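A look at the structure
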2 protein chains.
Amino acid sequence: MDIGILGGTGPAGKAVAARLASIGMSVAIGSRSAERGEQTAAELCEKWASHKLDLHGADNEAACAADLVVVATPWDGVFSTVAGLTDHLEGKVVISMANALFKVGSDMEAVVPARGSLCVAVQNAAPKALVSGAFHHLPARGLANLEHSLDADVLVCSDHQSATKATIELVDRIPGCRGIDAGSLSQAAAIEAFTAVLIGVNIRTRSHASIRLTGLRTETE
Amino acid sequence: MDIGILGGTGPAGKAVAARLASIGMSVAIGSRSAERGEQTAAELCEKWASHKLDLHGADNEAACAADLVVVATPWDGVFSTVAGLTDHLEGKVVISMANALFKVGSDMEAVVPARGSLCVAVQNAAPKALVSGAFHHLPARGLANLEHSLDADVLVCSDHQSATKATIELVDRIPGCRGIDAGSLSQAAAIEAFTAVLIGVNIRTRSHASIRLTGLRTETE
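These figures come from a predicted structure and were not determined experimentally.

**Observations concerning helix α8 (residues 188–205) of chain B**
All names here are of chain B. For α8, built from 18 residues, the straight-helix expectation of 26 Å at 1.5 Å per residue is met to within 8% by its first-to-last C-alpha distance of 26 Å. A large share of α8 lies buried, amounting to 13 of its 18 residues. Immediately beyond the C-terminal end of α8, within one or two residues, lies R206, with a positive phi of roughly 50°.

Structure representation (structure tokens):
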């Protein structure tokens, strides 16, 4: 599967690009400049040489040509990035992973974006895209480190069943991750905000903790 | 330790009362009417006769005489209940466990209370109390069923270190639960809202799932 990352040169973008390439995806690292995307792709390929990652660079517009697109810009760039690519995202599954967080003292606090959540902002900016939210609670450093095995449930929300399904399938391919249908985009505000709590705990305990749901009844039961 | 539950006759109150009594606490089930509190206490003692629960009824004011107070009213009654008891809560550790949730179709959505979170509303209503937030993510039914063993991390937030400490100590006494310092009351909004996501997942999967943090570095490491 082809994956395009918008804003793939930042910490979140590099982390998700490396992780998805490590499970055999062909990943385009998008950036405002294709050159920066290429540079980041080359760096990651070199860093994880033994993984033989299928990574290349692109501008954000070209990254939209992939089967599935991940928006990984810093949160305050999410809306404007997507709004500039509306036509290119029509009919695509677009995963929003950003969290609106603000540093207050040594702690992180969640702020409420104008449209309630960044997932909803992405869906509004690209109304014909099939937007889902995912990957919010995975610490970027753990995600980026391919020697680090993940142990996390990934909450997936969307207003489109096909996007929920495609996103959960992608998540389930990542060793140590389980995708969980967390409902509609109305849940994104709470999912995004909760990241502040996790980051705070991680700062205080110097951990890279994620969450798992315990006691979840699965389909096979 | 003596524990007083404000609004102890509702589902959340009964659940937390039974669970805390099951670990040897002496629990006063507070209600607007002491008689209803007594009735609920008697019902719970009979239901869990083999556990020999130390439960009794009280009006909410008398329940405030306990060492530690839990606010367990429905969320839209939290502020007015606490505001009527301000003087009685001075210097006490007061645990807020309610979540501002609204049913939309078959799903639960988090709404933002006027003061950002119910924990902050409680702290504002009782400024000299040592308010903490806890127990938000435990499904009431699992908490209430003493035959059901819990498997959950309980996120604790407070602006008072002594309240965080006392609340975590209480949580840690409950088999299957681990208290985690989740920071200041600024985190309560996100913790409370996230309950909507968990309840939604539980509705869809007919589960009573809670959360655990994985990869958390503990003090002994």
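**Considering the interface of chain A and chain B**
The interface of chain A with chain B comprises 35 residues on the first partner and 35 residues on the second. Counting each side, the surface lost to burial between chain A and chain B is near 2,800 Å², with a carbon and sulfur contribution of 57%. In this assembly, chain A and chain B are joined by 2 salt bridges. Here R204 of chain B makes a salt bridge to D181 of chain A, at a shortest N to O gap of 3.9 Å. Applying the counting rule to chain A against chain B returns 19 residue pairs in polar contact (both at pLDDT 80 or more). Broken down by secondary-structure element, the contributors of at least two residues to the side of chain A that touches chain B are β7 (107–110), β10 (177–181), α8 (188–205) and β11 (210–214) of chain A.

**Quick word on the state of the cysteines**
All names here are of chain B. Tallied over the full model, the rule gives 0 disulfides over all chains. Take C177: it sits in no disulfide, and the sulfur closest to it among the cysteines is that of C157, at 16 Å. Relative accessible area serves as the criterion here: at 9%, C177 is assigned to the buried category.

**Some remarks on the pattern of salt bridges**
Side-chain pairs of opposite charge can arise whenever the charged atoms involved come near each other. Tallied over the full model, the rule gives 12 salt bridges over all chains. A salt bridge links K165 of chain A to E169 of chain A; its shortest N-O distance comes to 3.2 Å. Separated by 4 residues within a single helix, K165 of chain A and E169 of chain A lie in helix α7 (residues 161–173), roughly one turn from each other. Classification of K165 of chain A as exposed rests on a relative accessible area of 52%. Of the residues examined, E169 of chain A reaches a relative accessible area of 45% and is grouped as partly exposed. Between R212 of chain B and D151 of chain B there is a salt bridge, and its shortest N-O distance comes to 2.8 Å. A residue pair is termed long-range when its members are at least 10 positions apart, and R212 of chain B in strand β11 (residues 210–214) and D151 of chain B in the loop between α6 (140–144) and β9 (152–158) qualify at 61 residues.

**Overview of the relation of the copies chain A and chain B**
In screw terms, the move from chain A to chain B is a rotation of 180° and a rise of 0.0 Å along the axis, fitting with an RMSD of 0.0 Å. As the rotation angle and translation indicate, the two copies are arranged about a two-fold axis. Considering only C-alpha atoms, the part of chain A nearest the rotation axis is R212 of chain A, at 2.6 Å. The fraction of interface residues of chain A whose copies in chain B are also interface residues reaches 100%, indicating that both copies meet through the same surface.

**Let's talk about a nonpolar patch on the surface**
Together, F102, V104 and V111 of chain A give the surface a local cluster of nonpolar side chains, amounting to about 240 Å² of exposed area. Residue position: V111 of chain A is located in the loop between β7 and α5 (118–125).

**Concerning the nonpolar core**
Counting 40 residues, the largest nonpolar core has I3, L20, V27, L55 and F135 of chain A as the members making the most contacts within it. Taken together, the elements giving at least two residues each to this core come down to β1 (2–6), α1 (11–22), β2 (26–31), α2 (34–47), β4 (68–71), β5 (93–96), β9 (152–158) and α7 of chain A. The greatest single-element share of this core, amounting to 6 residues, is contributed by α1 of chain A. Setting aside residues up to four positions removed in sequence, I3 of chain A forms contacts with L20, M25, S26, V27, A28, A66, L68, V70 and L170 of chain A. Residues A15, A17, L20 and M97 of chain B belong to the second largest nonpolar core, which totals 39 residues.

**Focus on the environment of G91 of chain A**
Tracing the backbone shows G91 of chain A in the loop between α4 (78–83) and β5. Between the alpha carbons of G91 of chain A and A17 of chain A there is a distance of 22 Å; along the sequence they are 74 residues apart.

**A word on the sheet that holds β10 of chain A**
All names here are of chain A. The strand order β3-β2-β1-β4-β5-β8-β9-β10 describes an open sheet built from 8 strands, whose pairing is mixed. In the strand order of this sheet, the two ends are held by β3 (55–59) and β10, each with one partner. Looking at each pair of strands side by side, their axes are set apart by 30° on average, direction ignored. The pairing of β9 with β10 spans 5 bridges and is parallel. Counted as the bridge partner of L155 is I180 from β10. Packed on one face of the sheet, α2 meets β2 and β3 and runs near 165° to β3.

What counts and what doesn't
Residues numbered from 1 in each chain as written. Chains lettered and ligands numbered in written order. Predicted model: local features only at pLDDT ≥ 70, side-chain atom pairs only at ≥ 80, totals over all residues. Heavy atoms only, no water. Helix = DSSP H or I, 4+ residues; strand = E, 2+ residues; numbered from the N terminus. Expected span 1.5 Å × (residues − 1). Buried < 20%, exposed > 50% of the residue type's maximum accessible area, 1.4 Å probe, protein only. Contact = heavy atoms within 4.5 Å. Buried area = accessible area lost by both parts, 1.4 Å probe. Salt bridge = Lys/Arg side-chain N within 4 Å of Asp/Glu carboxyl O. Polar contact = N/O pair within 3.5 Å; in protein donor to acceptor, adjacent residues only side chain to side chain. Disulfide = S-S within 2.5 Å. Least-squares fit on C-alpha atoms with pLDDT ≥ 70 in both. Patch = residues over 30% accessible without salt bridge, like charges linked within 9 Å, V, L, I, M, F, W, Y side chains within 5 Å. Areas by Shrake-Rupley, 256 points an atom, 1.4 Å probe, with all protein chains shown as cover. Core = buried A, V, L, I, M, F, W, Y, C linked by side-chain atoms within 4.5 Å. Pairing = 2+ DSSP bridges. Axes fitted to C-alpha atoms, helices over the stretch in contact; angles between N-to-C directions.

From the geometry alone we can't say anything about function, so treat these as descriptive.
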